[in-house]
Amino acid sequence: MNAAVSSPAVKVVRSVQDQVSPEEWQSRVNLAACYRLTAMYGMTEMIANHISCRVPETEDQFLINPYGMLYEEIDASSLVKIDVDGNTLFNASDYAVNAAGFVIHSAIHMARHDVDCVAHTHTVAGMAVSAMECGLLPVAQTCMRFLHVAYHDFEGIADNPEERERLIAHLGNHEAMVLRNHGLLVVGKTIAAAFNVLFRMERACQVQVAALSCNTKLITPPQKVLQDTYDRMKPRDNVPGLSGELAWPALLRKLDRVDPSYRN
């Protein structure tokens, strides 16, 4: 009589999508798309910087990039779930979180419950403008979108929790802030809104750097015209084109044509 042969145990690996709520998974997909788009439009600095979003139905949990992956590599499953203190709650990647780099993000997430997404960049144009005493100038319609923007002076590497209070005070209720001698920071009620602000602020900085490089006198419209233009361009919930929600599906279609792996 032949002895029974036992089959080796089969290890069942559950996907990240199976381990999170449908709402969280959708946020993961959108946040991964935001990372890919930021890379696509040239707003990255290798593995540095962060874009974070609040986990749906929570106040103290957030999704952020694993420290060690390029923005162009990030997908929905690789994003790490952490709390406001930087403690890891769920991580399916092979990398940890740059907790020190989350000081800026955690400060804003804790204080600004009206926003779900925070993005910070170190672009050439953004850093150049951050070093200009004049700040962001309303030299073109695109720039007038940021007629009223916040500023925060450089205090060194942003890993000091004590800096949080000053960051929040300077940001106030603005959606965009120039971190002096550092870079740009934006917030949005949604991921789509945050990317919209980030793209437009980066473009405004590019325009300013280009205009100032021409070594000619620049024209600035009257203050009344500037204010009216700003009022008409600032985000409003009932105008999707201003908040970024109208463009977001088109941007996702663009990503899907190039590389849909951000959805994995």
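Residues numbered from 1 in each chain as written. Predicted model: local features only at pLDDT ≥ 70, side-chain atom pairs only at ≥ 80, totals over all residues. Heavy atoms only, no water.

A. Broad picture of the overall build of the protein chain. The secondary structure content of the protein chain amounts to 10 helices and 8 strands. Across the 264 residues of the protein chain, 46% fall into the buried class. Counting only contacts in the protein chain whose residues sit at least 6 apart along the sequence, the fraction spanning at least 24 positions is 67%. When the accessible area of the protein chain is evaluated, it comes to approximately 13,500 Å², of which 53% is carbon and sulfur surface. (Helix = DSSP H or I, 4+ residues; strand = E, 2+ residues; numbered from the N terminus. Buried < 20%, exposed > 50% of the residue type's maximum accessible area, 1.4 Å probe, protein only. Contact = heavy atoms within 4.5 Å. Areas by Shrake-Rupley, 256 points an atom, 1.4 Å probe, with all protein chains shown as cover.)

B. The arrangement of the pattern of salt bridges in detail. Within this structure, the stated rule accounts for 10 salt bridges. Of the charged contacts in the structure, one is a salt bridge between Asp231 and Lys234, with a shortest N-O distance of 3.8 Å. Residue class for Lys234 comes out partly exposed when judged on its relative accessible area of 32%. Between Asp256 and Arg263 there is a salt bridge, with its nearest N and O atoms 3.1 Å apart. (Salt bridge = Lys/Arg side-chain N within 4 Å of Asp/Glu carboxyl O.)

C. How the structure looks around the sheet that holds strand β5 (residues 117–121). Across the sheet, 8 strands lie side by side as β4-β3-β2-β1-β5-β8-β7-β6; this open sheet has mixed pairing. Unpaired on one side and paired on the other, β4 (88–90) and β6 (150–152) mark the two borders of the sheet. Taken pair by pair, the neighbouring strands of this sheet meet at an average axis angle of 25°, ignoring direction. Where strand β7 (residues 176–179) and strand β8 (residues 183–188) come together, 4 bridges link them in antiparallel fashion. Pairing of Leu179 across the sheet is with Gly183, part of β8. Lying over the sheet, helix α2 (residues 22–40) contacts β1 (51–54), β2 (61–64), β3 (80–83) and β4, oriented at roughly 160° with respect to β1. Along the sheet face, helix α6 (residues 164–171) touches β6, β7 and β8 and points at about 155° away from the line of β6. (Pairing = 2+ DSSP bridges. Axes fitted to C-alpha atoms, helices over the stretch in contact; angles between N-to-C directions.)

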